[in-house]
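Close look at the chain arrangement
Each chain is listed here by its residues.
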Amino acid sequence: MSSGPSRRPRRRWRARLRYWQRCIRRRLPPGTRLPVGLLLIVGGILGFLPVLGFWMIPLGVMVAATDVRPLWRRLRGRRS
């Protein structure tokens, strides 16, 4: 019985994550995702400053990862 309610927040969190990933893929061109992700990570490292926050690090990793995976697939395909 206790596993049901604890899984619901996880499902909501995963659904939100998928939603934001789709938004990023649709709105940012492939060439700009990696630089934007890296800028978010650098901004997250400076999270002690008032405007920036540590929340930017996981967001930057997520944005950059959307571009890195297809890049690795292309590189492996050309070498083989």
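My aim in this report is to walk through the structure given alongside it, one point at a time.

A word on the overall build of the chain. A tally of helices and strands in the chain yields three helices and zero strands. Ordered by position in the sequence, the α and β elements of the chain form the string α-α-α. Counted over contacts in the chain with a minimum sequence separation of 6, partners at least 24 positions apart contribute 43%.

Its location among the elements puts Thr66 in helix 3 (residues 56–79). The class of Thr66 is buried, set by a relative accessible area of 9%.

This part takes up the pattern of salt bridges. For the structure on display, the rule yields one salt bridge. Across the pair Arg33 and Asp67 runs a salt bridge whose closest N-O atoms are separated by 3.9 Å. With a gap of 34 residues between them, Arg33 in helix 2 (residues 30–45) and Asp67 in helix 3 connect regions that are remote in the sequence. Arg33 gets classed as buried once you look at its relative accessible area, which sits at 10%.

What counts and what doesn't
- Residues numbered from 1 in each chain as written.
- Predicted model: local features only at pLDDT ≥ 70, side-chain atom pairs only at ≥ 80, totals over all residues.
- Heavy atoms only, no water.
- Helix = DSSP H or I, 4+ residues; strand = E, 2+ residues; numbered from the N terminus.
- Contact = heavy atoms within 4.5 Å.
- Buried < 20%, exposed > 50% of the residue type's maximum accessible area, 1.4 Å probe, protein only.
- Salt bridge = Lys/Arg side-chain N within 4 Å of Asp/Glu carboxyl O.

So, to be careful, I would describe these as geometric facts and stop short of saying anything about function.
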